[in-house]
Amino acid sequence: MESSSFERLFGVLASPVNTFRSIAERPTWLIAFLVVSLLPVVPGILALPKMDWEGITKAQLEQMDVQLSREQMEQRVAITEKVGPIFTYVSPIFVAIGVLLFALIFWGAFTLAGGELGFKRSLAVTAHGMMPLAVASLLAVPIVLSMDKIGAEVARQGSTLKSSLAALAPEGANPVLVSFLSKIDVFTIWSLVLFVLG
């Protein structure tokens, strides 16, 4: 069984059943929590200088089926250019809050069902269960570095990785359908499987 927190980061991906048994015996969560919270900001920071904010804004409005005048579009692009980088840098806070909320929900559900999970174990399972999302962040780094411009296509698919069903959608597909398909992602499904095993 994995004894250190660092071994568990890899163990949960390669041998999840044994790793979760080890976590049940001795729950550790801090290292996994930090990795899952901080790693997604790396591709975001690398992508900032390459962002085509106008293309991204137009793609997002298209997905919402919103029509704006040229002046309104320029205002929206200006706001996106200002707010986008801020969201990139504060994203670890939102991820950390999300991990804590998921852990709280799991803990509450198991407590209501009569289990004795404890919040520390729940947080350990949640943080380790989200490790596939950290893998996705690592895989996104070389893709971001290889791109000259990041714009409408990334906004349409929701990621630089082509890991969701949105990558299979035909050109010109309904934006609502593409948005829905972008939520069905390999790494998200992998995390859900880990949660079940945990």
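Quick notes on the rules
Every chain's residues receive numbers from 1 upward, in the order its sequence appears when written. Selection of residues for local features in this predicted model requires a pLDDT of at least 70, selection of side-chain atom pairs for listing and counting requires 80 or more, and totals for whole chains, interfaces and linings are taken over all residues. Heavy atoms from the whole structure form the basis of all side-chain values; hydrogens and water molecules are not counted. We call Phe, Tyr and Trp rings a pair once their centres come within 6.5 Å, taking the six-membered ring for Trp, and we label the pair stacked below 30 degrees between planes, edge-to-face above 60, and tilted otherwise. By the criteria applied, helices consist of DSSP H or I runs no shorter than four residues and strands consist of E runs no shorter than two, each listed in order from the N terminus. Think of it in three bands: with a 1.4 Å probe and only protein chains considered, a residue is buried below 20% of the maximum accessible area for its type, exposed above 50%, and partly exposed in between. Patch building starts from residues that exceed 30% relative accessible area and form no salt bridge, then joins like charges within 9 Å and nonpolar side chains (Val, Leu, Ile, Met, Phe, Trp, Tyr) within 5 Å. Here the accessible surface of atoms and residues is derived via Shrake-Rupley with a 1.4 Å probe, and residues count as covered only by protein chains that are part of the display. Whenever Lys or Arg places a side-chain nitrogen within 4 Å of a carboxyl oxygen from Asp or Glu, that contact is recorded as a salt bridge. The directions from the helix axis to the C-beta atoms form the arc being described. The contact rule is simple, with two residues in contact once any of their heavy atoms fall within 4.5 Å. Axis angles are defined between N-to-C directions and span 0 to 180 degrees, where every axis is a line fitted to C-alpha atoms and, for a helix, only to the segment in contact. Orientation is classified from the angle alone, with under 35 degrees giving roughly parallel, over 145 giving roughly antiparallel, 65 to 115 giving roughly perpendicular, and any other angle giving oblique. Crossing handedness is read from the near helix: turned anticlockwise from the far helix by less than a right angle, it gives a left-handed crossing, and turned clockwise, a right-handed one. Any pair of N or O atoms that falls within 3.5 Å is considered a polar contact. Within protein, one atom must be able to donate a hydrogen and the other to accept it, and sequence-neighbouring residues count only if both atoms are side-chain atoms. In this text, buried Ala, Val, Leu, Ile, Met, Phe, Trp, Tyr and Cys residues form a nonpolar core when linked through side-chain atoms within 4.5 Å.

With that settled, consider the packing of aromatic side chains. Per the stated rule, a full pass over the model turns up seven aromatic pairs. Each ring, one from W107 and one from F119, has its centre 6.0 Å from the other, and the planes form 80°; the classification is edge-to-face. With a gap of 12 residues between them, W107 in helix α6 (residues 70–112) and F119 in helix α7 (residues 119–129) connect regions that are remote in the sequence. On the basis of relative accessible area, F119 is assigned to the partly exposed category, the value being 30%. Ring pairing ties together the aromatic residues F102, F106 and F195, which thus form one cluster.

All right, on to a nonpolar patch on the surface then. On the surface, V17, L165, L177, F180, I184, I189, V193 and L197 cluster together into a nonpolar patch covering about 650 Å² of accessible area. Listing elements by their share of the nonpolar patch, those giving two or more residues are α10 (175–182) and α11 (186–197). Take the nonpolar patch: its biggest share by element is three residues, from α11. Tracing the sequence through the fold places V193 in helix α11. Assessed through its relative accessible area of 44%, V193 is described here as partly exposed.

The next subject is helix α2 (residues 16–25). Working note: α-helix, 3.6 residues per turn, so residues spaced by three or four point in the same direction. Residues of α2 that are buried include every one of P16, T19, F20, S22 and I23, and no others. Buried residues in α2, looked at end-on, bunch into an arc of 155°, giving them a common side. Lining the buried residues of α2 we find α1 (5–14), α7 and α11.

Glancing now at the packing of helix α3 (residues 30–38) against α7. Helix packing geometry: the angle between the two helix axes and the distance between the axes. Viewed as axis vectors pointing N to C, α3 and α7 meet at an angle of 40°, and their least axial separation amounts to 8 Å. Viewed along their axes, α3 and α7 adopt a mutual orientation that is oblique. Where α3 crosses over α7, the handedness of that crossing is left-handed. The residues of α7 that touch α3, namely those facing A32, F33 and V36, are L123, A127 and H128.

This next bit is on the side chain of T80. Within the secondary structure, T80 sits in helix α6. If we ignore the near neighbours within four places in the chain, the residues touching T80 are W53, T57 and P85.

A few words now on the environment of T57. Structurally, the position occupied by T57 is in helix α5 (residues 53–63). Note on T57: relative accessible area 2%, which makes it buried. Counting along the chain gives 17 residues from T57 to E74, while the straight-line C-alpha distance between them is 9.7 Å. Each residue touching T57, except ones within four places of it in the same chain, is listed here: M73, R76, V77 and T80.

What follows is about the side chain of H128. Relative to the helices and strands, H128 is located in helix α7. For H128, a relative accessible area of 1% puts it in the buried group. Among the polar contacts listed, one links the side chain of H128 to the backbone oxygen of A124, at a separation of 2.7 Å. Look past the residues within four positions of H128 in its chain and what remains in contact with it is R8, V12, F20, I23, T28, W29, A32 and L194.

Right, let's talk about α1 for a bit. Along α1, the residues classified as buried are R8, L9, G11 and V12. On its buried face, α1 sits against α2, α3, α7, α8 (131–146) and α11.

Moving on, we come to the nonpolar core. The tendency in soluble globular proteins is for nonpolar side chains to be buried as a group. The biggest cluster of nonpolar side chains holds 19 residues, and the ones touching the most others in it are F20, F33, V99 and M131. At the level of secondary structure, the elements contributing two or more residues to this core comprise α1, α2, α3, α6, α7, α8 and α11. Apart from the residues lying within four places of it in its own chain, the contact partners of V99 are F33, V36, L123, T126, A127 and M130. Counting residues in each nonpolar core, the second largest holds six residues, with L48, W53, I56 and L61 among its members.

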